[in-house]
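Listed below, chain by chain, are the residues.
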Protein chains: 2
Amino acid sequence: MKIVVINRLLKDTHKEQIRKAAAKAGGSLLFAESEDDIPSDWQDCDIIYGFGVKNAKTNKNLKWFAAPSAGVDFLLKPGFFANEDCLVTNSSGAYGVTIAEHIIAVTLMMMRKLDYSYSESLKGNWTSPRPQKSLKDCRILVLGTGDIGCCFARRAKAFEPESITGVSRSGNCSDPAFDSVKKVSELDSLLPSADLLVMSLPDTPETRDILNRDRIALLPEGAYVVNVGRGSAIDEDALCGSLNSGKLGGAALDVFKTEPLPSDSKLWNTKNLLITPHVAGNLTLEHTLSVNVDMFCKNLINYAEGLPLDNLIDKTKGY
Amino acid sequence: MKIVVINRLLKDTHKEQIRKAAAKAGGSLLFAESEDDIPSDWQDCDIIYGFGVKNAKTNKNLKWFAAPSAGVDFLLKPGFFANEDCLVTNSSGAYGVTIAEHIIAVTLMMMRKLDYSYSESLKGNWTSPRPQKSLKDCRILVLGTGDIGCCFARRAKAFEPESITGVSRSGNCSDPAFDSVKKVSELDSLLPSADLLVMSLPDTPETRDILNRDRIALLPEGAYVVNVGRGSAIDEDALCGSLNSGKLGGAALDVFKTEPLPSDSKLWNTKNLLITPHVAGNLTLEHTLSVNVDMFCKNLINYAEGLPLDNLIDKTKGY
């Protein structure tokens, strides 16, 4: 069993941990800095942990693609894998902490007008206070109650919001950080009282453009929108309109329909739009990387022992 | 009893609340937009709630100056009041929520390199992720365990830090958000394990330059410093040196030795220094303003009934 691990950020401790797991699983192991570094005699590997997408398209022997990311939509297009039975797992569970911190950071930047005072400070300007909003007494709606939504809700709760309502497909989520969890079919009735809408959804047919023009119109005056899931979930044109008109208080987008965001995109010049370059969740935070490696090592043992894989993707659902 | 209230941000509901309290206290009431709007026949008022500093310097009849701010150092210079027996209260307790949100926001901006990615986004640049740090597993040291320090600690705790240690003059603080609270005499032994140092201290002889060159040198490599108390607490030259050398990970200053920060200050061009223009706590946040008004109204009844005033400043201590 050949295992290829592609990740230039791994530290020696991570590599040692993976070596031990691979030995226990009875596999041979190759570390590569990028997938262009995979030698020809490893191109028929059984397992890839990392972004080995070119190999996945050509290697008919590939049995398991362990994605270090939470989103795996780019792997699920029909015909993507040379071996159509290749298992796909994601690393959902590794990103909750870091993405929750991102959501809190950009929300407070917007509410406290730090985007304004900070950008002026870069020009050496000492500005006067502008009207501020707060997470205190805020009505928060969290669309997507997975690891990220739950980690965010637990942190947000400490800021004494009026309410934190979760929304998921099933309406089931037992995390006590949510005051209530509703089904996505109730979304339209929830939007009019969402001072802050946090979106953390995978890309699936059901989530595409879920925040469309009609739903943006249902948000209250001055509402904030944060998207850390996938850019496909928002009608960007409609969002820009509502920001430029001053209806929305602000939006913070870390993900976009096209990434990198094209240099001629009108989003760059949209009022009260805080753009970050898909940095909410990435492996440059040691905690995220360590959890990610832990999860792979545990799953590698599962795989070797014939046990069910954690985080196995249902390709028909998309997550 | 003449009561002058100076605050252009008050809403009708606040004014109505103050009117009721003044009536109950048996006083007559004037609202002014600024202290220049106080008519001559109100210059001999008994009570000022607001920044009526010119009146305080000339009005020998002034008996109580209710400052809407938490810091009152500017009122405590000997000879400041025409009536040297004038009581001074501050509004400590109104600012914890808003300043705690500021501390979390600027800390995460620095740790997550949002200052970089956001400032680049203003130029239309899509940047690559930079190494990130996290409040998760962070060792936090909070210098000053008053309302602000406690409100911050309660929020920070939700981010799963390794520890939150408070430091106060007495070493006494019962807020369970702190894992432990130490005396300021132990500060030097605590600094070497402070990944994040949060400073929320009043300006007193003991706090001036408390973070001096020697103490900055005690902080670990890559530490972050946030100051929301008074600029007098930090040796700014030494801090700049430690930031420019790369020893510190970053600093976020909302307060400075001289405010507004002079346009030729070298702080504007210091590496990894996030400057905000004294906006952490101000009355543009409705929650802060409402608590502030609540506190004054309660204290006005105390005053009228001869009860002790809340938040009475000990002019010899400075807080």
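Computed from a predicted model, the values in this text were never measured in an experiment.

Peer 1: I keep staring at the overall build of chain A and nothing clicks. Help me out?
Peer 2: If you tally the helices and strands in chain A, you get nine helices and twelve strands. Whereas a compact globule of 319 residues would reach a radius of gyration of roughly 20 Å, chain A reaches 21 Å, a difference of no more than 12%. Every one of the 319 residues in chain A was classed for burial, and the buried ones make up 50%. Long-range contacts, defined here as pairs at least 24 residues apart, represent 63% of the contacts in chain A between residues at least 6 apart.

Peer 1: How do you make sense of the relation of the copies chain A and chain B when you look at a structure like this?
Peer 2: Note that the two copies of the chain are related through a rotation about an axis and a translation along the same axis. Rotating chain A by 180 degrees and moving it 0.0 Å along the rotation axis overlays it on chain B with an RMSD of 0.0 Å. The operation mapping one copy onto its partner corresponds to a two-fold rotation axis. Considering only C-alpha atoms, the part of chain A nearest the rotation axis is A:Ala105, at 2.6 Å. Both copies present the same face, since 100% of the interface residues in chain A are matched by interface residues at the equivalent positions in chain B.

Peer 1: Explanation requested: the interface of chain A and chain B in the structure shown.
Peer 2: Interface size, as often reported, equals the accessible area lost upon joining of the parts. Each partner contributes residues to the interface: chain A has 45 residues there, and chain B has 45 residues. Those elements that provide at least two residues to the side of chain A that touches chain B are α3 (96–111), α4 (114–121), α5 (147–157) and β12 (273–275) of chain A. Looking at the side of chain A that touches chain B, the element that brings in the most residues is α3(A), giving eight residues. Looking at side-chain class alone, the side of chain A that touches chain B contains 22 nonpolar, 14 polar and nine charged residues.

Peer 1: What's the story with the sheet that holds β12(A) in this structure? I'm lost.
Peer 2: Two pairing modes exist for strands in a sheet, parallel and antiparallel, and in both the strands are linked by backbone hydrogen bonds. All names here are of chain A. Here seven strands make up an open sheet; going across it, the order is β8-β7-β6-β9-β10-β11-β12 and the pairing parallel. Both outer strands of the open sheet, β8 (180–183) and β12, are each paired with one neighbouring strand and no more. Strand-to-strand twist in this sheet, taken as the mean axis angle between neighbours without regard to direction, amounts to 15 degrees. Where strand β7 (residues 163–168) meets β8, four bridges bridge the pair, whose relative direction is parallel. Following the sheet pairing, Ser168 is matched in β8 by Lys183.

Peer 1: I'm lost on the packing of α3(A) against α5(A) in this one. Help?
Peer 2: The relative placement of two packed helices comes down to the angle between their axes together with the axis-to-axis distance. Residues and elements named next belong to chain A. Running from N to C, α3 and α5 point in directions that differ by 55 degrees, and their axes come no closer than 8 Å. On the basis of their axis angle, the class for α3 and α5 is oblique. Between α3 and α5 lies a crossing whose hand is right-handed. Two secondary-structure elements touch here, α3 through Gly96, Val97, Ile99, Ala100, Ile103 and Ile104 and α5 through Asp147, Ile148, Cys150, Cys151, Phe152, Arg155 and Ala156.

Peer 1: Mind showing me how you'd approach unusual backbone geometry here?
Peer 2: Excluding glycine, residues mostly have negative phi values, and the peptide bonds linking residues are mostly trans. For the bond running from A:Glu259 to A:Pro260, omega is -10 degrees, close enough to zero to count as cis. The topology assignment puts A:Pro260 in the loop between β11 (250–253) and β12. Unusually for a residue other than glycine, B:Asp137 sits at a positive phi of about 65 degrees. The topology assignment puts B:Asp137 in the loop between α4 (114–121) and β6 (139–143).

Conventions adopted
- Residues numbered from 1 in each chain as written.
- Chains lettered and ligands numbered in written order.
- Predicted model: local features only at pLDDT ≥ 70, side-chain atom pairs only at ≥ 80, totals over all residues.
- Helix = DSSP H or I, 4+ residues; strand = E, 2+ residues; numbered from the N terminus.
- Rg over C-alpha atoms; globule rule 2.2 N^0.38 Å.
- Buried ≥ 20, exposed ≤ 12 C-beta atoms within 10 Å, placed from the backbone.
- Contact = placed C-beta atoms within 7 Å.
- Least-squares fit on C-alpha atoms with pLDDT ≥ 70 in both.
- Nonpolar A, V, L, I, M, F, W, Y, C, P; charged D, E, K, R; others polar.
- Pairing = 2+ DSSP bridges.
- Axes fitted to C-alpha atoms, helices over the stretch in contact; angles between N-to-C directions.
- Parallel < 35°, antiparallel > 145°, perpendicular 65-115°, else oblique.
- Left-handed = near helix turned anticlockwise from the far one by under 90°.

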